[in-house]
Every structure is written in structure tokens, then in C-alpha cells.
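Single-letter residue listing:
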Amino acid sequence: MSDEEESPLKETEESGKTETEEEYNPNYKGESLQQRIEDTSTWEGSQEEEEGEKGVEMEEEEQREHEEEEEEEEEDMAIEKTEKNVGEAPGETSGVRKGTTKKLKKTPKSTFTLDAIIISSESTSGSSLDITGSSKSSLRSQSPETSELLRGISSQHEIIDLDQIESQEPQTRPPKRQSSVRVEREADQISGDSLSQEERDKEPKEEEAEAEKVKERQRKLPFLLDKEKRQKAVTSKESLMSTSTEDTLFQKEDSTKVYPLTMTWSFGWNSSLPVYYIQDENHRVLLYVCAHTAIIYNVFKNTQYHLQGHPNIISCLCVSEDRRWIATADKGPDCLIIIWDSFTGIPVHTIFDSCPEGNGITAIAITQDAKFLATISDAEVQKVCIWRWTLAVELPACTLELPKEYGFQNYLIFNPTNNKELISNSKTQTIYYSWTFNKLVGKFSQSVFHLNLTQVLSATMEGKLVVWDIYYPPPSSSTSNFPFIKPRKLVHLQKESITVLTTVDSYIVTGDIKGNIKFYDHTLSIVNWYNHFKLSAIRTLSFSKTSASRPTEKSNLSADCTLKGDLFVVRDFIIGTYDATVYHLTADGTKLEKLFVEPRDAVCAISCHPYQPLIAVGSICGMIKVWDYEKKKYLFSRAFEKGLGVQSLTYNPEGALLGAGFTEGTVFILDSMSLENESPEPFRYSRTSVTHVSFSHDSKYMATADVSFTVAVYMVVVKNGQRVWEYLARLRSHQNSIRSLLFGVHLDSNDPRLLSLGKDRFLIEYNLIKSYKDHLEVLDIHRTDQGNYPTCMVWYPPLTKELFLLICNSGYKVKLFNSITKMCRKTLLGPAYGSPIEHTQVLPVKSTLELQKRYLVFINKDKVGLQILPVDGNPHKTCAVICHPSGVAGMALSYDGRYAFTAGGQDRSVVQWKINLSALEAAASLGGEDLTPFYGLVSGGREGKFYRELEDYFYYSQLRSQGMDTMETREVSEDICLSELPFVMRAIGFYPSEEQIEDMFNEIKFSEYVDTGELIDKINLPDFLKVYLNHRPPFGNTMVGIQESFNVLGFTNSQGKKAIRREDFLKLLLTKGEHMTEEELYDCFSMLFGLNPEGWKSEPAAASDKGPEICFEEELPDEITAEIFVTDILGLTISDSSGQ
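Residues numbered from 1 in each chain as written. Predicted model: local features only at pLDDT ≥ 70, side-chain atom pairs only at ≥ 80, totals over all residues. Heavy atoms only, no water.

Secondary structure summary: the chain contains 18 helices and 61 strands in total. Taking the intrachain contacts of the chain between residues at least 6 apart in sequence as the baseline, contacts between residues at least 24 apart amount to 54%. Accessible surface, the chain: about 54700 Å² in total, of which carbon and sulfur atoms supply 49%. (Helix = DSSP H or I, 4+ residues; strand = E, 2+ residues; numbered from the N terminus. Contact = heavy atoms within 4.5 Å. Areas by Shrake-Rupley, 256 points an atom, 1.4 Å probe, with all protein chains shown as cover.)

Here's what the structure looks like:
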């Protein structure tokens, strides 16, 4: 090895200049970007502010102590925690604030020029960043004053002094508090004094009543004391954060679960984000991300703690040097930045609206002392923000917009010894420099500050390392006294692409695409490497926070590769690879331990064993893993050949087989305990992804559905005394995607039934008995919906004498169909949580005693929820929580009904949810009984204008049915005739189609037929209200559906709008869909044009004869658009959007 190769950064004495491999011209301006930044407040001045804030805190502590002593003398013993504004603090505090501000105003403005961007901030009075150079725009950002310091522990924010919080012994002296003995003594004294005074004043006849009061007060006294202790603990400065240690988190006792669904375990790891080693070898605790949850995982105890709070997928995270503070950020609407205490799991600070103009945060970093956060937004014009998160402020202390020519910045890091310096890089550029190399250096991966603290290193995907020098001009410099950087050297470090670049102790560490981990000294000379583990590409390296111990006689350390051959001493560290595998490497003995292997691709297939606590998880990467979800233990797995991605999984009813459908159309039948093939060869009858696999109740049939709308059936035959699976037949029975594939049982013969439900709105039942080789017989076809499309189907539990199929649709409705006649018997309002239900299952029961109380578990686009049965439209009988913000791909239920599992698809995770039915029942009972929950669904409730109008229409329809001109005595009852129902519906603003009217008639007519054998021909007001609320559109009438119809039926006119010609419009009404007769058409337009004030056929005697005289050429325009149809013809006012 040459001298130059051994010390690439070595300087020559003769020239007095640094020797570089690439020549650098200081006067070259072709591609450099000179940045001039004016900042009236640098971060150094923030120390003055902190000192002032500490003084404010001390004053406020004294004030709180004084207030507590006064409040303890009160009889109620109520302790109120007051909130003070720092800016309004009396006396000396205000002086500190004003003095500091005045001093900062006298500070002269200073400017500096550099080849990159440096962000600095000093005071809270304001900061501005002016950028000049190649970009002429000036970008400024004001930092807000600290208006208020809140001191709550839950909903309120608290000033966090990181210097005073220690892991073992808190340095902050807590405020004086009374001991519990003193509190009890004073409480007894207060109680006794009040009683003696009352005894002197009361009459003898009141002695007995007062004695009862004394007993009651004594019974309440312990509770009051406990309450005071709790309130004292809250107001004490000695909070849980200041007294906790790194052992506190996993010593927490499980509190009583008050939520219907609680996350208990998360399977998977987002391998695009790093894994952090947050506790030492004695504990081996890791931090990683799974979907929208950060996981703290104790390897030795096999327990997880979930940091929940993000509404979207977590996009980046970082930890402080001492591993105490964790910062997480997400991408998506209402994005958040949350700072957590890793000792307690408490979210100590939340930053809302951190990126209002963009899509969230793409990179985050924290300073060495954990007092500042830096973020880069995920937007077209990226913004760098500096956050003083230890203060109760919601706006950044400093912001800076990045020019687009810098590329999309996706990595960020602070200088470990100087909070004022940070660097970021994109794939093509590193901020701190402009493109000045004339040679291709490759795409940047990561950047770090050099160990000597005056240089920056940037790794590339070409195996090169770019070295940057940070120059600090002398104070006497006339141009600028701010630092700037220049590229110094391009080092060809290795051939493999560098994917990870970090520093630890005296080493610069790299990980590359070949799985090698290399250690360099400060001169970039190789010291040691690990290349014999045969790992895949390195994604993350995280070293223990505990320094490596000195070698002893018992140490089994390997020698480094230097000429001296010294022992290679390094901390233990965690390795994360791109194939979603996490390892732990113990330096002493060079022991590599595999901690866990997770799917590296989307997880879409999950299935629970029918009578054991096992769950099978399938990934698009071709892996099936089986877990014991009670013990949280991985059992066994199988990796299929490349190109086979698992799309669907299902256990058979006996639990002996596992059916698996793959993305390229292959179907496997596997042994559930070994995952070996049950049949000699897999079935390859489909060319597209198999989305559904289902077994019959007797395991004699298996059916699959694929993306090409085809249903295939396989059956068991006996050959040579052995049961063998064979292909039976397949049929392309649908015209759109198949949403559900379901086996059932014929009630009379116990033979299996097979049904499929498609997005084409058809429910198809197949005749398995009459089917034979290559011929799948269809028994019947029924259309389930008219406008909406069905989303899923399940057998309704036998809560009634009638057997139903429950079908959910895209209109947030739940429909019950008779399982034999396929008649729609009920339409009900389903759960409405942002998107329709996509899959549902009936929760299994543990015993026969629970059969009369059943529940549904459902998923929609991003949530999992519970529904109490029977479904009746009551919104309080449902609940839902966000489970996978990027989309739910599948759901499974444990055999005993205790857990629900959801697969996250692209987030590569499976979440286990514990079900608490008592909490759901309690929430439902709070919503009220009978009609009380339904009154809340109408505007104004029971006493509102809408309900009063409904009553008027209801009773007016009775007059109308008896005849408006009759002279007979009126009979007012609580019911109206069933034939009047559509007229009242239209009168209150709901315009059902003829099919919907038919469904409403059937629902009412046959409501008691199974029990009494009689048909119902009338309806009362409470039942009418339920029918109306369950059948009406959940979010009112919108233009979306009408505009879609015009987009299909119309043409583009000269104004660029979709329109229908008048002749075509009338023809469509007479011939298409629920077509009208000419008489009905004339009657309708007579009503709409005001020629028949009573309306369409309001009474036979009042039928209008003016219909034929209508001239459509005069009343209707030549071209009819959606807006003209709605406003001019129908006379409606409809909102533009269809959202909730």
C-alpha cells in the first residue's frame, strides 16, 4: 500500500496547501452556487434565552410552592395548576425578557458567503434567512416568540430541560410537598373542626342525621386523600420522566384496557428505515418502525412497547446520542412530528402542521445534546426547519426553502459537536456544496461529519467518498467571518456501492451493497472489515451506547488488518439488511446472531388456524411464516422459488391443510405443520394472481378466484386408498373483479354450496353436484345492487329464524338477503369511517352461551372496526381505529375470538389487536336506547325543524290517502299506508329508485312474516324514521354520481362540458334503466314545470290533463348538462363533493 493510499488526507509541507486527487479551482464559478445568508439571531445566543428561562422556571416554582401552601388550608383540598405566560411573568422575569431583546437588537447584522447552506438561529425574538447568489429570490422566516409555557403532562406541553433529566438520579430539586401523614392529619383536623362547629349549632333532633353525615364523610375521606396525592404528584416537578430509568418501560403493569381494539403485537419491520440499538448488551432493546407505529422491542424478554400516535406511515426517525429521546415523523395529511421518552414511552412533545404546504417529512435529525431537531419536508419545494422542541412552541425557530437545483434531499445529519452545522444530501448533490467536480462521482447515499470535525464525508453509490473541508475565516476577514466549505478530495474507497456511512469512537464505518462492513481510521486507511457473514445489502448500522470494554485475558477479540495487528476493539452493534433481516454482532468472539427475519415485500395474505393459536403470514416476496401469536414466537417458514409471490392463504376447517394462491396463478395445497406440498405438483390453471382461496365445511372442495374474474374448483378423490386433490373445473363467471368467494351448507342435505360475489353486482351460486370435469354448473344469478357495487359477503349468524347473506356495498350500506330466494330483506346503514367496508367476518365465540350475542369485525381502506349484531343502523354500535394508513390488505380472526389480525400490504406488517367487547357494549349503551341514537342522525335532533316537518308530512299523507275533498269524519292514527311511503320519502328530500322502493316494501311487508305468517301493509312514524335513515344516501345528494352518468351518456360540447341532446335525453328516459311510459314522462314534467301543483298523480280526481300540451322544445334546452339537469330541471341544490 502506498503512502498516499494509507493516508489519503495527508498534507504536504512544501506547498502549504492540501494535496487533492481532483484539482480544485477557487475562482471557478460555472456551476457553483454562492449562498449569502443573513441571520439576525444565531444559535449561540439561545444560551442567554435558556438562562432567562431557567430563572423564570425558578420563580414559577417558588410561586407554585406558595400557592400550594395556601390551597392546602382550604376545606375542599382541591389543587389547581395554574398556567403562566413567560412574557407576562411579573417583576424580574419581564426584565430578563426585555433585556435580552434589547441586547439582541443592538447586535449588528452579519453575513457570510459559502458554497452551501448553513442554518443558524440565536434568539426567540425572530430570525431571518436571506439567500443570494445564483438564485435571486429572498426567502425569510420569522421565529415566533415563546408566548406561553404549558406545564401539563398529557394535553399540555411542558418545558423540558434536558440537562436536568438524568437516567439514574434527577438533579432537579422537586418542589416541597407535604407528606401523606401531614395531609391525613390536616384532613382529620379539618373534618373534626367542621363537625364540632356543626354540633354546636345543630338542634338535638338533627343529631342522628348529622351522625350519618359523619360516617359518609369518613367513608369519602380516603378517596379525597388519594385524589389529593394524585393531584400533588401531577403538580410536582419530579415527574415520571425525571425519575424513570431505562428499565422503567418494560416494568409497567398492563393497565385496564378501555378500548374495544388494542394493539398487542406487530409482526414486521419497515426495512426502508433504520433499526436503532437503544439499550446496552444487558438489555438488548431495539427501536424500529412498523407502519405508523414505532416499536421498542426487548429481545431477551420478547416483549414490545408500541409508540402510537401517527395518523400516517412513519417516514423517518432518529434518536439522541444517549438513546433517551426518539423523534418520529410521517408523510400524509395532518402529518406529525412526535418526540418520545424512550424510558417511559411518553410522547413528551408533538408538533402539528409541521409541513402544511407539503406531503410530510422526508428526513429528520437531532443534535448531540438533543435540544434541536432538523427536518426536511417532502414537497416540490423542500423546506429545512430547525425546531426548539424543548420549548412550548409550534413553529420552527428557523426555516429555509431549498432551490430545486439541489435535488430532492433525503438524508440529514447534525455536526456532533456544533449544533449550528448540519448537512443533507440527495442522490446527486450534498447541501454545503455546489456541483464543482468535473468527474462522475455517482449518486450520494449518506453524509457524516469527519472525526476531526473540520471535514464532511459523503458516500456515493459508486464506492467513492467525497471529502469536504469546512473553512473558518479569521475575524479580520473583510468578506465574511462565517464558515464555508469546499470540495477537497474524491477518494476511490471501494468498488461496491456504499449504502451506509457512520462514525463510532475513532472509526469511520461503511456498509455496502455486498453485505460488507468496513472500518477506517481518521485518515481513511482500512482497519478491519467483516465480509465472511454473506449478508445481503446493508441498510442500517446502530452501535451500542455503551463503550467497548478494555481487552482482558478472557477476551476473544480478533486482530485488525494493520501492520501492528492490534486487537480490534469496537462496540457491539445491530445490522439491518435490505432483505428485512436484523442481526446482532458481538465483537468479543465475533458472534453474529440473527434476531428476526421479516418480509421484505408487501404482506397481503394472512390466515388463523381454526383451533390453535397459530397465524400464517404470506408475502409477495414468496415467504410463508407461521407464528404462535400467544407466545409471540416464530415457529417455521418456507421460502418459495423466485417469481412466486403469496397473494392469499386459508386454513381448511380441520386445520390440517393450508391453501395458498400466488401472484402468477399457481395454487399450492400445503401441510399446515410442515408447509410441504400435500399434492405432488401445484395447480397451474390460472394465468393471473389468485386473490381468494376457500374450503368447504367438509374439506372436500376448495375454490379459488383470480384477477381475471374466474372461479376454479378443486375436489378430493380417492385413488389407491389415498385422498388426492384434483382439478374439477373453472368458469369466467363475472365481468369485473370478484370480491368474495364463500362456501355454505344446504340446509336439507348438508351438501356444500358455493357462491361468488363480483364488483359487476352479480351474486352467483354454483351447482357443485351437477358439475363435472371442465364444466362448472351455475345454479342461479341475482343482481344485488343498482348504483353501488358490492364489496364483501359473509354468512349472517343465526340470530333469527331466517338465514341471511350479509352483503356490504360501496354506498356504506349493509344488506341482508334471504339465502334461498336471494330477496333483499333489509337495507341498513353500515359503519361510515371514511371509506366503505372492504372485508368482514363474524367474530367466533368461545362457548354456546355466547351464540345469542354476536359481533362483526370489519376493515375498510385503512381501519379495523367492530359492529354489534344485529345490525340496525345505530352508529353507536360500531367503532374503528386506524390500523394501516397506507391501506389494509387482509384480515383474520383468532379461533377463540380474542384477537383480530390485519395485514398492511405495502407497509409489510401484520398487527395483532386484542378485542374488548365490554368496552364496545359500554360505548353503545352511552348512545342511548330505542330511537335516541337515530334522532342524532337528523338535523336538529328530536326537537329540530326537520323532524317536525317529517311529522307534518306523515300526518298529511293520512289526509291525502283519505281524500282531500272528502266530507267524512277524519281518522288520525299512528300509521300510514305502505303505498304512501315513497311520496313522504320524496317530500323530505330522498328520491329512491323503483328498485329501492321495492326493497323498502319487501322489508316492511315481510318483517313479521317468519314469526306470524302475516304481511304488514302499514308503517308508523318511528319505523318510518329508521327506514328513511337506513335507505337514504349517507352523505346526502351530490353531483358526483350525476356527472358520472353524463360522462358516460353524453358528448363533449363546444364549451368542453359533457352534455346530452334533448332528443337523446327524452329517448333515454323512455327506453333505458327504469324506463318511464309516455304518460309518466308527461306527468313528471308537468309537476317540474309547475303545470300540476299537486304533483304527479297526487289524487286520481286531480290528475292533470295538461301533460300532452307540454312543448319540450320550448321547455328544454337543445343541450342538457349535469348542472342544467340538476338546477334548472329538477330545481335542486346539491353539493359538489361526496365526502363526509
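One finds Leu287, Ile296, Ile337, Ile339, Ile364 and Leu373 to be the most contacted residues of the largest nonpolar core, which totals 37 residues. Elements with a minimum of two residues in this core: strand 5 (285-290), strand 6 (293-298), strand 8 (314-319), strand 9 (325-330), strand 10 (336-341), strand 11 (346-352), strand 12 (361-366) and strand 14 (383-387). Excluding anything up to four places from it in sequence, leucine 287 contacts Pro274, Val275, Tyr276, Ile278, Ala294, Ile295, Ile296, Leu317, Val319 and Ile326. Counting 28 residues, the second-largest nonpolar core is a separate cluster that includes Ala580, Val617, Tyr899 and Ala903. (Core = buried A, V, L, I, M, F, W, Y, C linked by side-chain atoms within 4.5 Å. Buried < 20%, exposed > 50% of the residue type's maximum accessible area, 1.4 Å probe, protein only.)

Let's shift gears to the sheet that holds strand 15 (residues 398-401). A sheet is described by the order of its strands in space; here four strands give the open sequence 12-13-14-15, paired in antiparallel fashion. Of all the strands in the sheet, just strand 12 and strand 15 have a single pairing partner and so form its edges. Adjacent strand axes in the sheet meet at a mean angle of 15 degrees when their direction is disregarded. Inspection of the sheet shows strand 14 paired to strand 15 by four bridges, in the antiparallel sense. Of the residues in strand 15, the one forming a bridge with cysteine 385 is threonine 399. (Pairing = 2+ DSSP bridges. Axes fitted to C-alpha atoms, helices over the stretch in contact; angles between N-to-C directions.)

On to unusual backbone geometry, then. A cis geometry characterises the amide bond from leucine 869 onward to proline 870, with omega recorded as 0 degrees. By the secondary structure assignment, proline 870 is in the loop between strand 52 (863-868) and strand 53 (878-882). Unusually for a residue other than glycine, aspartate 353 sits at a positive phi of about 50 degrees. Positive phi, normally seen in glycine, also occurs at phenylalanine 709, with a value near 65 degrees. The residue phenylalanine 709 is located in the loop between strand 39 (701-706) and strand 40 (711-719) in this model.

Another aspect to go through is the environment of glutamate 777. Mapped onto the fold, glutamate 777 is located in strand 45 (residues 775-783). A residue is classified by how much of its surface remains accessible, and glutamate 777, at 27% relative accessible area, is partly exposed. Separated by 10 residues in the primary sequence, glutamate 777 and asparagine 767 have C-alpha atoms spaced 5.2 Å apart. In this view, glutamate 777 contacts Tyr766, Asn767, Lys770 and Ser771; residues no more than four positions away in its chain are not counted. Here the side chain of glutamate 777 touches histidine 775 through a polar contact of 2.7 Å, side chain to side chain. (Polar contact = N/O pair within 3.5 Å; in protein donor to acceptor, adjacent residues only side chain to side chain.)

A few words on the state of the cysteines. Throughout the structure, instances matching the rule amount to zero disulfides. Cysteine cysteine 792 shares no disulfide, and the gap to the nearest cysteine sulfur, in cysteine 808, comes to 3.9 Å. (Disulfide = S-S within 2.5 Å.)

On to the pattern of salt bridges. Scanning all chains against the criterion turns up 25 salt bridges. Among the salt bridges present, the one from aspartate 706 reaches arginine 730, with a minimum N-O distance of 3.6 Å. Remark: arginine 730 occurs in strand 41 (residues 722-731) and aspartate 706 occurs in strand 39; sequence separation between them is 24 residues. Residue classification places aspartate 706 among the buried positions, given a relative accessible area of 5%. Through salt bridges with shared partners, one network takes in Arg753, Glu765, Asp780 and Lys822. (Salt bridge = Lys/Arg side-chain N within 4 Å of Asp/Glu carboxyl O.)

A surface patch of nonpolar side chains, amounting to about 280 Å² of accessible area, comprises Tyr1009, Val1010 and Leu1015. One can find valine 1010 in helix 12 (residues 1009-1012). Valine 1010 gets classed as partly exposed once you look at its relative accessible area, which sits at 41%. (Patch = residues over 30% accessible without salt bridge, like charges linked within 9 Å, V, L, I, M, F, W, Y side chains within 5 Å.)

Two faces make up the sheet, and in a regular strand the side chains alternate between them. Burial of the side chains of strand 54 (residues 890-893) extends over both faces: Gly890 and Ala892 are buried on one face and Met891 and Leu893 on the other. Here four bridges tie strand 54 to strand 55 (residues 899-903), and the two strands are oriented antiparallel to one another. By the bridge assignment, methionine 891 is partnered in strand 55 with threonine 902. Counting the residues that bridge the hairpin from strand 54 to strand 55 gives five residues, and of these glycine 897 lies at a positive phi of roughly 75 degrees.

Our focus in this paragraph is the sheet that holds strand 42 (residues 738-745). The strand order across the open sheet formed by four strands is 42-43-44-45, and the pairing between neighbours is antiparallel. Edge positions in the sheet fall to strand 42 and strand 45, since each of these pairs with one other strand and no more. With strand direction ignored, the average angle separating the axes of adjacent strands in the sheet is 25 degrees. In this structure, strand 43 (residues 752-758) lies alongside strand 44 (residues 762-772), joined through four bridges in antiparallel fashion. Within the sheet, the bridge partner assigned to serine 756 lies in strand 44 and is isoleucine 764.

This part is about the packing of aromatic side chains. On inspection of all chains with the given rule, the structure shows 41 aromatic pairs. Considering the side-chain rings of tyrosine 796 and phenylalanine 804, the 6.3 Å spacing of their centres and the 70 degrees angle between planes classify their relative orientation as edge-to-face. We note that tyrosine 796, like phenylalanine 804, is buried. A network of ring pairs unites the aromatic residues Trp265, Phe267, Tyr288, Tyr297, Phe596, Trp627 and Tyr634 as a single cluster. Sitting over the face of the ring of tyrosine 789, lysine 759 holds its NZ or CZ atom 4.6 Å from the ring centroid. (Phe/Tyr/Trp six-rings, centres within 6.5 Å; stacked < 30°, edge-to-face > 60°. Lys NZ or Arg CZ within 6 Å of the ring centre and 35° of its normal.)

Turning next to the confidence of the model for the chain. Overall, the predicted model of the chain reaches an average pLDDT of 77, with 74% of residues at or above 70. Segment residues 164-205 is flagged for pLDDT under 50; beyond a separation of four residues in sequence, or across chains, it makes 60 contacts in the model. Low pLDDT (under 50) marks residues 216-237, which in the prediction has 43 contacts with non-local residues, meaning those over four places away or in another chain. (pLDDT = per-residue confidence, 0-100.)

Okay, the packing of helix 9 (residues 945-962) against helix 13 (residues 1021-1031) next. Interaxial distance between helix 9 and helix 13 falls to 11 Å at its minimum, and their mutual angle equals 120 degrees. If you check the angle between helix 9 and helix 13, you find them oblique. In this structure, helix 9 crosses over helix 13, and the sense of that crossing is right-handed. Here helix 9 contributes Phe946, Tyr947, Leu950, Glu951 and Phe954 to the contact with helix 13, which in turn contributes Leu1021, Phe1024, Leu1025 and Tyr1028. Looking at the contact of helix 9 with helix 13, its residues break down into eight nonpolar, no polar and one charged. (Parallel < 35°, antiparallel > 145°, perpendicular 65-115°, else oblique. Left-handed = near helix turned anticlockwise from the far one by under 90°. Nonpolar A, V, L, I, M, F, W, Y, C, P; charged D, E, K, R; others polar.)

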